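Observations on chain architecture
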Amino acid sequence: MPEIEPPVLYQAREPIFPRRVSGTFRNLKWAIMGIALAIYYITPWIRWDRGPNLPDQAVLVDIANRRFFFFMVEIWPHEFYFIAGLLIMAGLGLFLFTSAYGRVWCGYACPQTVWTDLFIQTERWIEGDRNARVRLWNAKWDARKWRLRLTKWVVWLLIAVLTGGAWVFYFTDAPTLLRNLLTGNAHPVAYTTIAILTATTFVFGGFMREQICIYACPWPRIQAAMMDENTLTVAYRDWRGEPRGKIHKDEPTRSDGGLKGDCIDCMACVNVCPMGIDIRDGQQLECITCALCIDACDEVMDKIGKPRGLIDYMALQDETNERAGQPPKPLLRHVLRPRTLLYFTLWAGIGVALVVALFLRSPFDLNVTPVRNPLFVTMSDGSIRNTYEMRLRNKGGDAHDFKITATDASGAVMGDVVLGLEGVEGDTVAVSADTTHTQRIYLTAPPQAALARTERSDITLWVEDLTDQARVPVGTIFHGKDKK
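Report on the accompanying structure. For every chain, the first residue of the written sequence is number 1, and numbering continues from 1 onward in sequence order. Local features are withheld for residues below a pLDDT of 70 in this predicted model, meaning they are given only at 70 or higher, and side-chain atom pairs are given and counted only at 80 or more; totals for whole chains, interfaces and linings count all residues. The side-chain values count all of the structure's non-hydrogen atoms but skip hydrogen atoms and water molecules.

**Regarding the sheet that holds strand β2 (residues 67-70)**
Pairing is antiparallel in the open sheet, where three strands are placed in the order β1-β2-β3. In this open sheet, the two edge strands, each paired with only one partner strand, are β1 (59-62) and β3 (73-75). Each neighbouring strand pair of the sheet contributes to a mean axis angle of 10 degrees, computed without reference to strand direction. Pairing between two strands is assigned when DSSP locates at least 2 bridges connecting them. Put simply, DSSP marks the helices as runs of H or I at least four residues long and the strands as runs of E at least two long, and each gets a number from the N terminus on. Bridge analysis of β2 against β3 gives three bridges, and the strand direction is antiparallel. When the bridges of β3 are listed, Phe68 appears paired with Ile75. Interaxial angles span 0 to 180 degrees and are taken between N-to-C directions of axes, which are lines fitted to C-alpha atoms, for helices over the stretch in contact.

**A short note on the packing of aromatic side chains**
Any two rings among Phe, Tyr and Trp, with Trp reduced to its six-membered ring, count as a pair given centres within 6.5 Å; such a pair is stacked if its planes are under 30 degrees apart, edge-to-face if over 60, and tilted if neither. Under the criterion given, the structure shown has 23 aromatic pairs. Here Trp48 and Phe71 contribute two aromatic rings whose centre-to-centre distance is 5.3 Å and whose plane-to-plane angle is 90 degrees, an arrangement assigned as edge-to-face. Pair noted here: Trp48 is in the loop between α1 (24-42) and β1 and Phe71 is in the loop between β2 and β3, with a separation of 23 residues, a long-range link. Any residue under 20% of the maximum accessible area for its type is buried, any over 50% is exposed, and the rest in between are partly exposed; the area is computed with a 1.4 Å probe on protein chains only. Residue classification places Trp48 among the partly exposed positions, given a relative accessible area of 31%.

**Things to note about the pattern of salt bridges**
Any Lys or Arg side-chain nitrogen located within 4 Å of an Asp or Glu carboxyl oxygen qualifies as a salt bridge. Counted under the stated rule, the structure contains 30 salt bridges. A salt bridge links Glu242 to Arg244, with the shortest nitrogen-to-oxygen separation between them at 2.9 Å. Taking relative accessible area as the criterion, Arg244 reaches 30% and is therefore assigned partly exposed. A salt bridge links Glu389 to Arg440; the nearest nitrogen and oxygen atoms lie 2.9 Å apart. On the criterion of sequence distance, the pair formed by Glu389 in strand β8 (residues 384-394) and Arg440 in strand β12 (residues 435-445) is long-range, its members being 51 residues apart. Exposure remark for Glu389: the relative accessible area of 25% places this residue in the partly exposed category. Taking the relative accessible area as the measure of exposure, Arg440 reaches 28% and is therefore partly exposed. Within this structure, Glu123, Arg124, Glu127, Asp129, Arg133, Arg149, Lys152 and Arg209 form a network of salt bridges that share partners.

Written out as structure tokens, the structure reads:
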């Protein structure tokens with residue numbers, strides 16, 4: 001039997017030189033790229049006044065103090081469910097858009113796509129458009145080629161440094177860090193992080209481009225599970241374009257009722273593709289649905305006087321209908337279907353739940369733990385005393401006073417029980433802004449009280465913020481002597 005050659009799992013990179021194109025989808029990519037880069041680079045420098053005791057950076061991941069600030073919202077470590085909820089929403093949003101429009105995230109908003117677009121545009125400014133870059137690639141290494149390449153690499157490196165530098169500004173006060181970076185006084189971790197992100201941006205955006213999407217990113221391999229026959233994606237109407245070839249002026253084609261296809265095999269769709277594929281070969285793993293081939297093909301169709309849409313956003317169901325001479329489904333019928341509605345419902349439900357939880361959360365957090373060694377202490381007069389360890393976190397920007405009281409299981413105030421706070425006079429404790437205070441609490445029940453004569457009794461400790469009038473209960477246990 002003839003030997004079967006194993007499949008090739010990796011193919012050496014062939015350089016791709018995308019041609020410049022203009023049109024609706026190219027303009028959309030420019031707009032999204034500009035907005036995304038502006039948000040990334042500008043956000044750390046936005047100020048937000050939270051008072052004298054909190055940082056004034058609008059978006060800050062404060063690892064040292066284990067907090068996350070997002071404008072008016074402050075997330076503490078024990079509130080990580082907000083971050084988890086946002087990550088789940090991001091995943092469901094990705095599923096939603098993929099189900100409706102295919103890999104639009106990859107084609108328009110993925111960081112790899114955004115920075116690759118920026119690097120390609122820089123390359124085009126310095127070395128010229130596609131034909132000029134192809135000639136330069138094939139040319140010998142003379143002074144001109146070295147000059148252009150070094151200029152391009154220096155600009156790429158500058159973009160990469162700015163990218164890595166912008167990232168570290170999210171983790172500490174941006175103006176202070178910038179001053180320390182420029183004077184050499186920043187922490188080595190900051191320099192190391194910038195160096196790593198600079199290197200990865202420079203290599204991924206400049207030299208590995210489409211290989212990251214093909215080999216490193218898992219999304220192309222799992223996107224099929226999010227798509228069905230009604231998902232809109234970039235496709236070629238081969239029943240209209242074939243047989244392809246040159247046509248003479250006023251020669252009838254398929255769109256005019258003739259035998260020849262509308263495709264003149266000009267390769268414009270291939271030359272503008274950043275992945276270097278031919279969409280006319282059908283759906284491929286490499287396609288990121290950027291739709292630049294649509295702009296290029298529509299431009300050619302306008303020049304030869306043929307209808308637009310030879311390459312277009314369409315669904316498999318549309319192909320079946322159009323081959324049978326039927327019109328394609330309306331856009332809304334593709335988007336509003338059970339799968340996308342389910343994704344949207346889940347996405348919106350989680351978002352509403354997070355907003356509700358955000359507004360209902362208490363301005364302070366409370367944790368009470370009984371001291372179990374010993375469970376109780378018998379005083380000289382026969383009274384029973386229990387000790388509790390309370391951790392009170394003031395999440396506000398100012399110092400607050402908190403009043404502590406105790407009630408029985410029914411909510412009635414226990415007048416015969418004495419509450420004492422270690423190191424504090426009375427029943428009120430002051431907690432500084434944005435700090436956690438540990439307070440020891442003593443509850444003493446006289447010998448004749450029900451609490452003192454019962455082995456275990458359910459009680460409630462109440463903490464009231466005297467500033468904001470918020471009141472939070474914590475259930476716990478009082479241990480007494482069983483007289484039975």
